Amino acid sequence: MKNTILIVEDETAIREMLTFSLMQSGYIVLPAKTAIEAFKLLDDVTPDLVIIDWGLPQISGLELVQRIRDNEVIADMPVIMLTARAQEEDKIKGLETGVDDYMTKPVSIKELQARIKAQLRRSSGFKKSHIIEVKGIKMDLDSHSILIGSHELSLSITEFNLLKLFMKNPNKLLSREQILNHVWGRNSFVELRTVDVHILRLRKALKKHNAEHMLKTVRGAGYKFSTS
Ligand code: CA
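The structure reproduced in this document is the subject of the present report. Just so you know, the residues in each chain are numbered from 1, in the order the chain's sequence is written. Local features in a predicted model are, by the rule used here, given only for residues with pLDDT of at least 70; side-chain atom pairs are given and counted only at 80 or more, and totals for whole chains, interfaces and linings are based on all residues. Just so you know, side-chain values use all the structure's heavy atoms and leave hydrogens and water out.

This brings us to the pattern of salt bridges. Here a salt bridge means any side-chain nitrogen of Lys or Arg lying within 4 Å of a carboxyl oxygen belonging to Asp or Glu. Evaluated as defined, the whole model comprises eleven salt bridges. The shortest N-O distance in the salt bridge between R69 and D100 comes to 2.9 Å. On the criterion of sequence distance, the pair formed by R69 in helix α3 (residues 61-70) and D100 in the loop between α4 (91-97) and β5 (101-104) is long-range, its members being 31 residues apart. Taking relative accessible area as the criterion, D100 reaches 27% and is therefore assigned partly exposed. The salt bridge involving D100 is made with R122; its shortest N-O contact spans 3.1 Å. One end of the pair, D100, is in the loop between α4 and β5; the other, R122, is in helix α5 (residues 109-128), with 22 residues separating them in the sequence. Only protein chains enter the accessibility calculation, which uses a 1.4 Å probe. A residue is then buried if its area is under 20% of the maximum for its type, exposed if over 50%, and partly exposed in between. The exposure class assigned to R122 is partly exposed, which follows from its relative accessible area of 47%. Linked by salt bridges that have partners in common, E9, E11, D53 and K105 make up one network. Put simply, DSSP marks the helices as runs of H or I at least four residues long and the strands as runs of E at least two long, and each gets a number from the N terminus on.

Time to look at α3. Within α3, the full set of buried residues consists of G61, L62, L64, V65 and I68. When α3 is viewed along its axis, its buried side chains cluster within an angular range of 160° and face the same direction. Two residues qualify as a contact provided that any one of their heavy atoms is within 4.5 Å of a heavy atom in the partner residue. Taken together, the buried residues of α3 touch β1 (4-8), α2 (35-44), β3 (49-53), β4 (79-83) and α4. It is the directions from the helix axis to the C-beta atoms whose arc is reported.

Let us look at the packing of helix α7 (residues 176-184) against helix α8 (residues 192-207). Where α7 contacts α8, the two axes come as close as 9 Å, and the packing angle between them is 80°. If you check the angle between α7 and α8, you find them roughly perpendicular. Taking contact as the criterion, the partners of R176, E177, I179, L180 and W184 in α7 are, on α8, L192, R193, T194, V195, D196 and H198. In this count, Pro and Cys sit with the nonpolar residues alongside Ala, Val, Leu, Ile, Met, Phe, Trp and Tyr, while Asp, Glu, Lys and Arg are called charged and the others, Gly among them, polar. When its residues are assigned to classes, the contact of α7 with α8 shows five nonpolar, two polar and four charged. Under this scheme, a helix contributes an axis fitted over its contacting stretch, all axes are lines through C-alpha atoms, and angles between N-to-C directions fall in the 0 to 180 degree range. An angle below 35 degrees is read as roughly parallel, one above 145 as roughly antiparallel, one from 65 to 115 as roughly perpendicular, and any other as oblique.

Okay, structure coming up:
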C-alpha cells in the first residue's frame, strides 16, 4: 500500500518540486500552502508522515506541529521539519514540540527520501507494539486482537478500524464524514450510510460483551465513544 505524505510549504517552487519528486517515488502526496489548508486536509485524512516548513505565514510550522501533537487522531504522525539556516538555533524548541527530524534548506531530495523512509520504518515499528486501552477494552494493533476484560472480541477489519478510531478519540463527537474519511479514506467511493451499517455491526459485536452503551449516537451529528 502507498504511503501518504502531507507537505506544508508556502513557497510554490519548493512545494511543487517536493510534490513532484515524492509522487515519482510512489507516494501519495497532499500539498498544502498554509497551516489552515493542512488542518482542513487533516480533518479528512491521516497521512503516514508530514513535511512542514518552519516559516509559514500566519500559523507557523512549529505551531502546526504543536496542534498535531495535541490531536489524538493524528498525534503519532512522524513530522519532518524544513528550516532555513536562520532557524537552526531554534531546533531544540522544535524537538521539544515533537519534531522527529530536521532538514535545512535547500533540501536535497535524495537525503529527504532517505529520512522519510527512516521515519516510516520507525513509526510502523512503533505502531506494531502499540496497545490502546480504554475503560477495560484493550486493543492490540499488532496482533489485531481486542480484549474486553478477559473476553476476546472478534471484529472484521473495518469494524476493528472503526473501534480504533473511537478508542483513540474517547468522548469526542465524530461526524459520519470524519469517520468515513479516517476509516475508508477520503478518496473512497463509500456512501455515508455505509458508516451507519458498520457502526451497527460494531454495536452488535460490543453487545455480546455488554459494552454497546459506549457507542452513542448523537442525533444529526454523528457518533461518540463514551467512557462515562
Ligand atoms: Ca516558508
